Amino acid sequence: MIHPIHPQINTIFVHVTDLERSVHWYSQLLGLKADIDRVKRPVYTFSLSNHASLTLDAGPPDQKPKDFEPLPFPLFNIYTNNIYKSYLFVQDKEILVADSITEYDDFSFFNVYDPDGHLIMICNG
């Protein structure tokens, strides 16, 4: 029998309080053009590579903004092939950097905060 669940992540959901602000922030970070006409609650989805997507979820328009505490560790990581250029890029864009580059033999990373305080890792491995 073929296993019915595939080892593939399709969508990462990030809960946000202000959908428009978050769409702008993630589009800037990822270098993806956002279709501003499509930014309306409850969600906005960015298509990424290999069938994956990132969905920003602000909840239904008739409800107050979500109330949550950001986790103290990264939700996910975003790949870069040049950790140093990426670090300079986020600094140039005035994206709040949580820590400096951490380097190991086989990979390096740093974390940034999104507008809701979620930690997002930028990683080259």
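The rules behind these values
Residues numbered from 1 in each chain as written. Predicted model: local features only at pLDDT ≥ 70, side-chain atom pairs only at ≥ 80, totals over all residues. Heavy atoms only, no water. Phe/Tyr/Trp six-rings, centres within 6.5 Å; stacked < 30°, edge-to-face > 60°. Buried < 20%, exposed > 50% of the residue type's maximum accessible area, 1.4 Å probe, protein only. Patch = residues over 30% accessible without salt bridge, like charges linked within 9 Å, V, L, I, M, F, W, Y side chains within 5 Å. Areas by Shrake-Rupley, 256 points an atom, 1.4 Å probe, with all protein chains shown as cover. Salt bridge = Lys/Arg side-chain N within 4 Å of Asp/Glu carboxyl O. Helix = DSSP H or I, 4+ residues; strand = E, 2+ residues; numbered from the N terminus. Contact = heavy atoms within 4.5 Å. Pairing = 2+ DSSP bridges. Axes fitted to C-alpha atoms, helices over the stretch in contact; angles between N-to-C directions.

## A short note on the packing of aromatic side chains
Link 1 in the chain: Scanning the entire structure with this criterion turns up six aromatic pairs.
Link 2 in the chain: For the ring pair W25 and Y26, a centre distance of 4.7 Å and an interplane angle of 80 degrees mean the geometry is edge-to-face. Exposure class is identical for W25 and Y26. Each is buried.
Link 3 in the chain: On the basis of an interplanar angle of 35 degrees and a centroid distance of 5.2 Å, the ring pair of Y104 and F107 is categorised as tilted.
Link 4 in the chain: Classification of Y104 by relative accessible area gives partly exposed; the value is 48%.

## Observations regarding a nonpolar patch on the surface
Link 1 in the chain: A cluster of nonpolar side chains, L71, F73 and L75, forms an exposed patch at the surface whose accessible area comes to about 260 Å².
Link 2 in the chain: Taking the relative accessible area as the measure of exposure, F73 reaches 46% and is therefore partly exposed.

## With respect to the side chain of S86
Link 1 in the chain: In this structure, S86 sits in helix α2 (residues 83-92).
Link 2 in the chain: Beyond its immediate stretch of four places on either side in the chain, S86 contacts T80, F110 and I122.

## What to know about the sheet that holds strand β1 (residues 11-15)
Link 1 in the chain: A sheet is described by the order of its strands in space; here three strands give the open sequence β1-β3-β2, paired in mixed fashion. Among the strands making up the open sheet, the edge pair consists of β1 and β2 (43-47). Strand-to-strand, the axes of this sheet are offset by a mean angle of 20 degrees, without reference to chain direction.

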